[in-house]
Amino acid sequence: MTENELQRHILALTSLASTLLEPERTFKRNEIDLFKIQLYGMVLEDLRMNLAKITPMDITEIDRAIGASLQATQNQAIALQTFDVGISVLKTVLVASL
Amino acid sequence: MTYYKLFLLALVFVISGCATPLEVKQLSLKQLDYLTVLTDAVTIQSEGLILIAEKLKQQSEGNMSCHQQNSIDRLNQLMTTTVDLTDMSERRALKQKILAQATEINKVTAASRQKLALDFKAIKIKTQQLQVYLKKIKEVQVVLNGYIQSQKAGEQLLSSSVGHTSVDGFLGTINTYIPLIKLASGELAHLLQVKQ
């Protein structure tokens with residue numbers, strides 16, 4: 001039963017119970033308590049459902065992306081080192097030849 | 001020939017000059033600070049959430065026990081009145097109904113306590129997941145910083161990440177928010193300490 005349904009049952013039974021004689025009055029009052037107990041059990045449900053909407057990315061996927069980036073950075077560093085050497089030589093040669 | 005060499009020299013200097021702009025490097029380092037502030041704020045907020053959820057759980061458990069006891073007390077009281085019934089079958093039927101309802105009360109209370117405990121556990125797990133996720137985001141930024149701080153990252157990163165060529169104004173705007181977030185986090189932390 002939903003929270004609203006439980007609240008409605010409680011309201012209906014409360015007005016009914018006051019018109020009854022024993023033993024029915026006791027049984028109805030206890031039914032009210034049963035619904036109230038169920039309501040208390042649902043007190044964190046909304047919060048849980050809201051938080052369930054948070055869906056962070058898979059951590060292993062992020063780790064994989066980090067690993068790939070680090071590897072790519074290393075590869076580029078090696079390539080750029082070679083490029084730097086080439087540029088320096090070219091600069092020296094061109095300046096000398098001016 | 002000289003013009004050609006001059007052109008080549010100019011080209012070499014242009015290529016050599018394609019280093020990461022200083023503002024981008026500053027921004028990438030600042031991003032790590034922003035993420036740290038964000039992580040701290042979310043941690044405080046999550047702790048607050050767990051604290052409130054825990055208090056709600058305790059209060060609800062107390063209320064459940066109260067209602068359960070009241071119901072059982074009423075049934076005990078009703079049981080004592082069965083001796084007044086002269087009709088044996090009527091007495092038996094009433095006793096059975098009393099026992100059935102007592103069983104149901106205990107069963108429903110146990111199930112409701114379990115639901116409350118499971119919901120609380122799920123809330124804790126989700127907040128922990130969020131913490132782990134934020135830590136990972138910081139790790140991603142550290143890796144990006146490593147690249148951005150290097151010499152030849154290029155100006156393309158500047159325009160693609162912030163949409164314009166200068167980040168001075170952008171950096172200034174972000175910096176105005178940092179003290180506000182820190183103040184709000186501090187106030188929340190103080191409030192939680194008082195409540196405890």
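That block above? That's the structure.
Quantities reported herein were computed from a predicted structural model and do not represent experimental measurements.

Chemist: It is not clear to me how the overall build of chain B should be interpreted in this structure. Could you clarify?
Modeler: A count of helical and extended segments in chain B gives five helices and zero strands. Starting at the N terminus and ending at the C terminus, chain B contains elements arranged as α-α-α-α-α. Sequence-distant contacts in chain B: of pairs separated by 6 or more residues, those separated by 24 or more amount to 83%. Carbon and sulfur atoms provide 62% of the accessible area of chain B, an area that totals close to 12200 Å².

Chemist: Explain the overall build of chain A to me, please; I cannot follow it from the model alone.
Modeler: Within chain A, the secondary structure is distributed over four helices and zero strands. From first element to last, N terminus to C terminus, chain A shows the α and β order α-α-α-α. Evaluated residue by residue, chain A yields a buried proportion of 23% over its 98 residues. Carbon together with sulfur atoms contributes 61% to the accessible area of chain A, which is approximately 6300 Å² in total.

Chemist: Can you walk me through the side chain of arginine 74 of chain B in this structure?
Modeler: Structurally, the position occupied by arginine 74 of chain B is in helix α2 (residues 22-81). Leave out the neighbours within four places in its chain, and arginine 74 of chain B touches Thr26, Arg29, Asn30 and Asp33 of chain A.

Chemist: So what exactly am I meant to see when it comes to the pattern of salt bridges here?
Modeler: In total, this model carries 10 salt bridges over all chains according to the counting rule given. A salt bridge links glutamate 31 of chain A to lysine 28 of chain A; the shortest N-O distance between them is 3.1 Å. A residue pair is termed a helical-turn pair when its members lie 3 or 4 positions apart in one helix, as glutamate 31 of chain A and lysine 28 of chain A do in helix α2 (residues 24-41) at three residues. Where arginine 48 of chain A meets aspartate 119 of chain B, a salt bridge forms, and the shortest distance between an N and an O atom there is 2.6 Å. Pair noted here: arginine 48 of chain A is in helix α3 (residues 45-51) and aspartate 119 of chain B is in helix α3 (residues 88-148), and the two residues belong to different chains. Aspartate 119 of chain B gets classed as buried once you look at its relative accessible area, which sits at 4%.

Chemist: I tried to follow unusual backbone geometry on my own but got confused; where do I start?
Modeler: The phi torsion of most residues other than glycine is negative, and most of the peptide bonds are trans. Omega for the peptide link from glutamate 22 of chain A to proline 23 of chain A comes to 0°, which places this bond in the cis form. Within the secondary structure, proline 23 of chain A is located in the loop between α1 (3-17) and α2.

Chemist: When you look at the packing of aromatic side chains in this model, what are you seeing that I'm missing?
Modeler: Two aromatic rings are characterised by how far apart their centres lie and by the angle between their planes. Applying the stated rule across the entire model yields zero aromatic pairs over all chains. Over the aromatic face of phenylalanine 120 of chain B sits the side chain of lysine 57 of chain B, whose NZ or CZ is 5.6 Å from the ring centroid.

Chemist: Help me out: how do you make sense of the packing of α2 of chain A against α3 of chain B in this one?
Modeler: Relative placement of two packed helices is described by the angle separating their axes and the distance separating the axes. Orientation of α2 of chain A relative to α3 of chain B, taken along the N-to-C sense of each, is 10°, at an axis distance of 8 Å. With respect to each other, α2 of chain A and α3 of chain B are oriented roughly parallel. In contact with Glu24, Thr26, Phe27, Asn30, Glu31, Leu34, Ile37, Gln38, Tyr40 and Gly41 of chain A of α2 of chain A, α3 of chain B contributes Leu94, Lys97, Ile98, Gln101, Glu104, Ile105, Val108, Thr109, Ser112, Lys115, Leu116 and Asp119 of chain B. Of the residues belonging to the contact of α2 of chain A with α3 of chain B, the class tally is nine nonpolar, seven polar and six charged.

Chemist: Which parts of the structure should I look at to understand the packing of α1 of chain A against α2 of chain A?
Modeler: All names here are of chain A. Where α1 contacts α2, the axes come no closer than 9 Å and their chain directions differ by 160°. When the interaxial angle is binned, α1 and α2 end up roughly antiparallel. The two elements α1 and α2 meet at a crossing, and its hand is left-handed. Across the interface between the two elements, Glu3, Leu6, Gln7, His9, Ile10, Leu13, Thr14, Leu16 and Ala17 from α1 touch Arg25, Lys28, Arg29, Glu31, Ile32, Phe35, Lys36, Gln38 and Leu39 from α2. Taken together, the residues of the contact of α1 with α2 sort by class into eight nonpolar, four polar and six charged.

Parameters at a glance
- Every chain is numbered on its own, with residues counted from 1 as its sequence reads.
- Written order decides the labels, with chains lettered from A and ligands numbered from 1.
- Per-residue local features are limited, in this predicted model, to residues with pLDDT of at least 70; the limit for side-chain atom pairs, both in listing and counting, is 80 or more; totals at the level of whole chains, interfaces and linings are taken over all residues.
- Side-chain measures were taken over the full set of non-hydrogen atoms in the model, leaving aside hydrogen atoms and water.
- Working definition: helices are DSSP H or I runs of at least four residues, strands are E runs of at least two. Numbering for both runs from the N terminus.
- Only heavy atoms matter for contacts: two residues are in contact if any of them lie within 4.5 Å across the pair.
- The Shrake-Rupley method, run with a 1.4 Å probe, gives the accessible areas here. Residue values count only the displayed protein chains as cover.
- Think of it in three bands: residues with accessible area under 20% of the maximum for their type are buried, residues over 50% are exposed, and the middle band is partly exposed, with areas taken using a 1.4 Å probe on protein chains only.
- Should a side-chain nitrogen of Lys or Arg be within 4 Å of a carboxyl oxygen of Asp or Glu, the pair is scored as a salt bridge.
- Stacked, tilted and edge-to-face are the three classes assigned to paired rings of Phe, Tyr and Trp, where Trp is represented by its six-membered ring and a pair needs centres within 6.5 Å; plane angles under 30 degrees give stacked, over 60 edge-to-face, the rest tilted.
- Definition used: whenever NZ (Lys) or CZ (Arg) falls within 6 Å of the ring centre and also within 35 degrees of the ring normal, the charge is taken to sit over that ring.
- For every element, the axis is a line fit to its C-alpha atoms; helices are fit only across the contacting stretch, and the angle between N-to-C directions ranges from 0 to 180 degrees.
- Every angle not falling under 35 degrees, over 145, or within 65 to 115 is termed oblique; those three ranges are roughly parallel, roughly antiparallel and roughly perpendicular.
- Note on residue classes: Ala, Val, Leu, Ile, Met, Phe, Trp, Tyr, Cys and Pro are nonpolar, Asp, Glu, Lys and Arg are charged, and everything else, Gly too, is polar.
- The sense of a crossing depends on the near helix, which, turned anticlockwise from the far helix by less than a right angle, makes the crossing left-handed and, turned clockwise, makes it right-handed.

What is shown is where atoms sit, not what they do.
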